[in-house]
Amino acid sequence: MTNIIGPAFEGFISRLDLSVIFEKALHSVVVVLLAMIVTKVIHVVIRRATRNNTRVGTRGITFAKLMNSVVTYAVWIIALLELARVIFNINPTSIFAAAGIAGVALGFGAQSLVKDVISGIFIMFENLMSVGDLISVGDTTGTVIEIGVRSTKLRDYTGDFFVIPNGDITKLVNHSRFDRCVVCDVQIDGGTPLESAISVLSEVCEAARTDIAALLQKPEILGVTNITDGRATLRVTCMTRPGEQFGVEREMLARIREGFRASDLPLPADRIVVITGPQTPLQAASIPPLT
């Protein structure tokens, strides 16, 4: 067996042109290194252009991230074509011809990929969202971390990371484009005079306009918006900048609660009456009515 394999292996080695192998290996290494260097240089140029230009805003940052993805794909596709030509002596023209035939065969299977890419391009150029925007896609709400060619990456307030294919974004809500309206609903007890409650809210709104810098104007008291089980619901609205609405809502609710306490106006509390055993008419009459 050794006598058979030995001469065959030696014959195979003798037919190899080591100079050609060395030349192809060197050419391949140079192609890979050039692809890495070109990709890195272009990424640095895009990043510096975005960082030094204060006018680009979040849309420029988003465009920079998208361009980084496009450049990476383009450079490495060209590098792979060159490697195929050098190593396997494959003409790139034949590759494109085969790609056209294969594209027809794989078109049905790659529909989702094409859909994601096209949707990503339209999302970018229609400026539907930018990096840093707070958006909702379906049941997912989070801050945009990156908009890529195929997918959009979000992170919510708990730190969870979401990757959403661009083709699946059929309904998008952007919470960061315009001034936000904060709605604070306050229930008051049925026995609380409405004029007294509105007076307390007026004082709170007046103080909040001065103390809360995120407010764009004085909070507005809309009045009674609902009555349930004898309790009236008063509504207060505040206009604030995008991203500030959650802090403003917490601050306003805390100020309203403290304002009612300082004025000795009770806020409603749920009461549960537990009846055990049979009740006589006198005992039933002694249970205070719910308000």
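In this text, all values refer to a predicted model and were calculated from it rather than measured experimentally.

Rules used throughout
All chains use their own residue numbering, which begins from 1 and follows the written sequence. Since the coordinates come from a predicted model, pLDDT governs what is reported: local features require at least 70, and pairs of side-chain atoms require 80 or more to be given and counted, while whole-chain, interface and lining totals use all residues. For the side-chain quantities, the full set of heavy atoms in the structure was used; hydrogens and water were omitted. Helix numbering and strand numbering both begin at the N terminus, where a helix is a DSSP run of H or I of at least 4 residues and a strand a DSSP run of E of at least 2. Multiplying one less than the number of residues by 1.5 Å gives the expected span of a helix. Here the term buried applies to any residue with accessible area under 20% of the maximum for its type, exposed to any over 50%, and partly exposed to those in between, with areas from a 1.4 Å probe on protein chains only. Throughout, the arc means that of the directions going from the helix axis to the C-beta atoms. Working rule for contacts: check all heavy atoms of both residues, and any pair within 4.5 Å makes them a contact. Count a disulfide wherever a pair of cysteine sulfur atoms falls within 2.5 Å. At least two DSSP bridges between two strands are required for those strands to pair. We define a nonpolar core as any set of buried Ala, Val, Leu, Ile, Met, Phe, Trp, Tyr and Cys residues linked to one another through side-chain atoms lying within 4.5 Å. A 3.5 Å cut-off defines polar contacts: any pair of N or O atoms within that distance qualifies, except that in protein one atom must be a possible hydrogen donor and the other a possible acceptor, and neighbouring residues in sequence count only when both atoms are side-chain atoms. What counts as an axis is a line fitted to C-alpha atoms, over the stretch in contact for a helix, and the angles between N-to-C directions run from 0 to 180 degrees.

Points about helix α7 (residues 245-262)
With 18 residues, α7 extends 26 Å from end C-alpha to end C-alpha; this agrees with the ideal 26 Å at 1.5 Å per step. Residues of α7 that are buried include every one of Gln-245, Val-248, Met-252, Ile-256, Gly-259 and Phe-260, and no others. Burial along α7 is one-sided: seen end-on, the buried residues are contained in an arc of 95°. Exposed residues on α7 whose side chains face more than 90 degrees from its buried face are Arg-250, Arg-261 and Ala-262. Buried positions along α7 lie against β1 (134-137), β6 (180-188), α6 (194-211) and β8 (231-240).

A word on the state of the cysteines
Such a bond, covalent and formed between the sulfur atoms of two cysteines, is termed a disulfide. Applying the stated criterion to the full structure yields 0 disulfides. Counting only cysteine sulfurs, Cys-238 is the nearest neighbor of Cys-205, a cysteine outside any disulfide, at a range of 6.4 Å. Looking at Cys-238, it has no disulfide partner, and the nearest cysteine sulfur is the one in Cys-184, 4.9 Å off. The exposure class of Cys-238 is buried, given its relative accessible area of 1%.

A closer look at the pairing of strand β3 (residues 151-155)
Side-chain direction in a regular strand flips from residue to residue, so the side chains alternate between the two faces of the sheet. Bridge analysis of strand β2 (residues 140-147) against β3 gives 4 bridges, and the strand direction is antiparallel. By the bridge assignment, Glu-146 is partnered in β3 with Lys-153. Pairing geometry for β3 and strand β4 (residues 161-165), over 5 bridges, is antiparallel. Residue pairing in the sheet places Thr-152 in a bridge with Ile-164 of β4.

A closer look at the nonpolar core
One finds Ile-212, Val-236, Cys-238, Val-248, Met-252, Ile-256 and Phe-260 to be the most contacted residues of the largest nonpolar core, which totals 22 residues. For this core, the elements supplying multiple residues, two or more each, are β6, α6, β8 and α7. In terms of residue count, α6 provides more of this core than any other element does, 6 residues in total. Contact partners of Phe-260, with chain neighbours within four places excluded, come to Val-186, Ile-188, Ala-197, Val-200, Leu-201, Leu-265 and Leu-267. Judged by nonpolar contacts, the second largest core, of 9 residues, contains Ile-135, Val-144, Leu-154 and Ile-169.

Considerations on the side chain of Thr-39
Position of Thr-39 among the secondary structure elements: in helix α2 (residues 18-52). Within the structure, the side chain of Thr-39 is placed 2.7 Å from the backbone oxygen of Ala-35, a separation counted as a polar contact. Look past the residues within four positions of Thr-39 in its chain and what remains in contact with it is Thr-72, Val-75 and Trp-76.

Digging into the sheet that holds β3
As summarised here, the arrangement of the 5 strands in space is β4-β3-β2-β1-β5, forming an open sheet in which the pairing is antiparallel. Every other strand in the sheet has two partners, leaving β4 and β5 (172-174) as the edge strands with one partner each. When the angles between neighbouring strand axes are averaged without regard to direction, this sheet yields 40°.

Focus: the sheet that holds strand β7 (residues 220-228)
One open sheet holds the 3 strands; their spatial order is β6-β8-β7, and the pairing between them is antiparallel. Single-partner strands in this sheet number two, and they are β6 and β7. Sheet twist, expressed as the mean angle between neighbouring strand axes with direction ignored, is 25°. As paired strands, β7 and β8 are joined by 7 bridges and run antiparallel to one another. Among the inter-strand pairings, Ile-221 is bridged to a residue of β8, identified as Val-236. On top of the sheet, α6 reaches β6, β7 and β8; it is set at about 15° to β8, its chief contact. Taken strand by strand, α7 contacts β6 and β8, and its axis lies near 25° from that of β6.

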